[in-house]
Number of protein chains: 2
Amino acid sequence: MSDAKCQSDDIEPSAKKIKKDEQNGNPVTELHVHLKDFIPTKIINNNTNGKTVCVLGSFKDKSGVAVVLLEKKAFSGDQLNDSGYFSDATELRTLFQNDIYGNFECYPKPEINGVKTSIIYPATEKHIVKFSQQVKHVILETPECYDKLTLPFLQKEQFSLQWVHNILDGKSEQDRVVHDNKCEKEGFVLLPDFKWDGKTKETLYLLAIVRPRNIKSLRDLNETHLPLLKRVRNEGKKAIVDKYNVPGSQLRVYLHYQPSFYHLHIHFTYLLHEAPGIYAEKAHLLDTVIDNIEMMSDYYKKATLPFTIREMDNLFKVYETNGHVNKVISDIDK
Amino acid sequence: MSDAKCQSDDIEPSAKKIKKDEQNGNPVTELHVHLKDFIPTKIINNNTNGKTVCVLGSFKDKSGVAVVLLEKKAFSGDQLNDSGYFSDATELRTLFQNDIYGNFECYPKPEINGVKTSIIYPATEKHIVKFSQQVKHVILETPECYDKLTLPFLQKEQFSLQWVHNILDGKSEQDRVVHDNKCEKEGFVLLPDFKWDGKTKETLYLLAIVRPRNIKSLRDLNETHLPLLKRVRNEGKKAIVDKYNVPGSQLRVYLHYQPSFYHLHIHFTYLLHEAPGIYAEKAHLLDTVIDNIEMMSDYYKKATLPFTIREMDNLFKVYETNGHVNKVISDIDK
């Protein structure tokens, strides 16, 4: 609790304000930054396919490092009309033309061409690692590997869950909550994912955070969790069709393994949206998880679960030291 | 050279001009269009991951239809400095803040935030089909659904497997074979996938086609196939590291469900390559398949397997007629 606050309390007093949360009197920190004060030092990831970039740097006259993520936004249907892209305000510059094909560059009015910007400040070494591009490996985690390597590691090294508790306790992001089932055993909070703008249907991405606080991940799931999992699936789908008009059959509902934080959460994305982390080596469909447990209640206690890991991740070192994977120097890596 | 200048110099509303190509005297048509004259009728594709969109429509006072493709551009290093994104000219609007994390939208100056624009005019029906996306659904295939709906359908409608038999019989593509184990019960042929150029390591994609001819898909697999599956995994990985220098831990090895043809085959792709069909709703890691069967020999006979389907696919109609899924009219589709 105080750790998380501490991290952000180190910023200059002038750079932020501290206000009282009206419900509980706890201080809520707010960071006031300008992009013009950002001094970039290194591009740590540039995804030219997804049009995202991650820049490491610092803020002028401030200590500590910051990570700035920029992401070009997907097109939204309501911009593709005569007051949006196809308006007088859009400039068009010709690159070339050949027969019926023409290539141009257009400059729409800025307000419909915003860039999603996330700032993490102050960022820790772990944040930097998380957002950096790296050589990846698949590791097969047997139940023994989980007990001996993964579990001790994550108990020692995991990120603070303060932000999760803030949401569950009603201290943060309450205006963003889409659905809230307050049952402590089988309830959950559904809200837009950090990566989603909360509006564009084509990139729909919500997160269900379960209320029980003792379920770290997929690995912990068994038949006692079936009512919770089914509630997340059914109520989550219903809330999404009600609010966003996307039916359940057009949703991808899944869990990550390994997850980025060890408090059970379930992802809901629009099926046509190629969100990050939806690949077979990382995403487990909730329907399959439920089916596996129904067929075999201790499935996730017995299964060998593959997961991917980057060479710079600390968990990689654990598995490397124990002879489960080797670093490579490939051409791709040179 | 002068052509290119000409084109960008006069983008006038005045329809198009026809001039003579200086080299061969053939007429060269040049289209003069303004995006403000474009009347959109339908978004036929919206790739939210790649941030591209394809819009069908027409031009004011002109006959025929046009296809307009818009694509957000990747970030370029030379924009990520204090005269680009991190300059006074960039506006920043706060979406929310929680602890050390903040989400914003930024509006950079238009000239560094251009949108790649392609226009095809007049467009033919073939252009429209080529650029169209289809509505997709997830269907949960229980063993009963498989027996009653999927199996009869695929027995009736599947593509010819002649090309597969040609490869196995040594009649086709023999110069492309990377590895060949001729055992009729546990052997397979490994060769570059049709989509791969066979060279670029970053997009590495090979296919293992098993020699037994009676295994249609994942659904047919049981403990009698474990030696075959393990041989594909182990020999396939070895052949790939020997020939392409990509170690097994950097490969994604998986089966599709539904597959595009019903003769068992296994995909090998480079882990960092975002190949099509690697999503959790379609791809099943071979390691997980082997593990599932080892835990429960009739896993694939009992499991409910999700798969995705497009509304235009014939199998969709089978499931729709039987009440398992409904067509949707979403905003995206209007």
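Structure's up top.
Residues numbered from 1 in each chain as written. Chains lettered and ligands numbered in written order. Predicted model: local features only at pLDDT ≥ 70, side-chain atom pairs only at ≥ 80, totals over all residues. Heavy atoms only, no water.

With respect to the helices and strands, Tyr279 of chain B occurs in the loop between strand E14 (265–270) and strand E15 (283–285). Tyr279 of chain B gets classed as buried once you look at its relative accessible area, which sits at 11%. Along the chain, Tyr279 of chain B and His256 of chain B lie 23 residues apart, while their C-alpha atoms are 9.6 Å from each other. The residues contacting Tyr279 of chain B, other than those within four sequence positions of it, are Glu274, Ile278, Tyr279 and Ala280 of chain A. (Helix = DSSP H or I, 4+ residues; strand = E, 2+ residues; numbered from the N terminus. Buried < 20%, exposed > 50% of the residue type's maximum accessible area, 1.4 Å probe, protein only. Contact = heavy atoms within 4.5 Å.)

Taken together, the contact between chain B and chain A spans 102 residues of the former and 113 residues of the latter. In terms of surface lost to chain A, no three residues of chain B exceed Phe75, Phe86 and Ile100 of chain B, which account for 8% of the buried area on that side. Arg252 of chain A is the salt-bridge partner of Glu281 of chain B, the closest N and O atoms lying 2.9 Å from each other. Along the contact surface separating chain B from chain A lie 48 residue pairs in polar contact (both at pLDDT 80 or more). The element that contributes the greatest number of residues to the side of chain B that touches chain A is strand E7 (residues 101–107) of chain B, accounting for 7 residues. Looking at the side of chain B that touches chain A residue by residue, the class counts come to 51 nonpolar, 30 polar and 21 charged. Across 6 bridges, strand E7 (residues 101–107) of chain A lies against strand E8 (residues 115–120) of chain B in antiparallel orientation. Bridge pairing in E8 of chain B places Phe104 of chain A opposite Thr117 of chain B. (Buried area = accessible area lost by both parts, 1.4 Å probe. Salt bridge = Lys/Arg side-chain N within 4 Å of Asp/Glu carboxyl O. Polar contact = N/O pair within 3.5 Å; in protein donor to acceptor, adjacent residues only side chain to side chain. Nonpolar A, V, L, I, M, F, W, Y, C, P; charged D, E, K, R; others polar. Pairing = 2+ DSSP bridges.)

Inspection of every chain in the model, using the stated rule, returns 38 salt bridges over all chains. Notably, a salt bridge pairs Lys73 of chain A with Glu105 of chain B, separated by 2.9 Å at the nearest N-O pair. Of this pair, Lys73 of chain A sits in the loop between strand E5 (66–72) and strand E6 (91–98) while Glu105 of chain B is found in strand E7, placing the two residues in two different chains. Exposure remark for Lys73 of chain A: the relative accessible area of 16% places this residue in the buried category. For Glu105 of chain B, a relative accessible area of 5% puts it in the buried group. Ionic contacts of the salt-bridge type, sharing partners, join the residues Asp180, Lys182, Glu184 and Arg211 of chain A into one network.

This paragraph deals with the pairing of E6 of chain A. Residue and element names in this part refer to chain A. Judged from the 7 bridges that link them, E6 and E7 form a sheet pairing that is antiparallel. From the neighbouring strand, Glu91 faces E7, where its bridge partner is Tyr107. As consecutive antiparallel partners, E6 and E7 are separated by 2 residues, and within that stretch Asp99 has a phi angle of approximately 55 degrees, a positive value.

Peptide bonds are trans in most cases, and residues, glycine excluded, mostly fall at negative phi. Omega for the bond connecting Tyr121 of chain A with Pro122 of chain A falls within 30 degrees of zero, at -5 degrees, which places this linkage in the cis form. On the secondary structure map, Pro122 of chain A appears in the loop between strand E8 (115–120) and helix H2 (125–131). You will see that Lys51 of chain A, though not glycine, has its phi angle at about 60 degrees, which is positive. Residue Lys51 of chain A is classed as buried on the basis of its relative accessible area, which comes to 4%. Positive phi, normally seen in glycine, also occurs at Asn245 of chain B, with a value near 65 degrees. Structurally, the position occupied by Asn245 of chain B is in the loop between helix H5 (226–244) and strand E13 (251–256).

The values are spatial; any link to function lies outside them.
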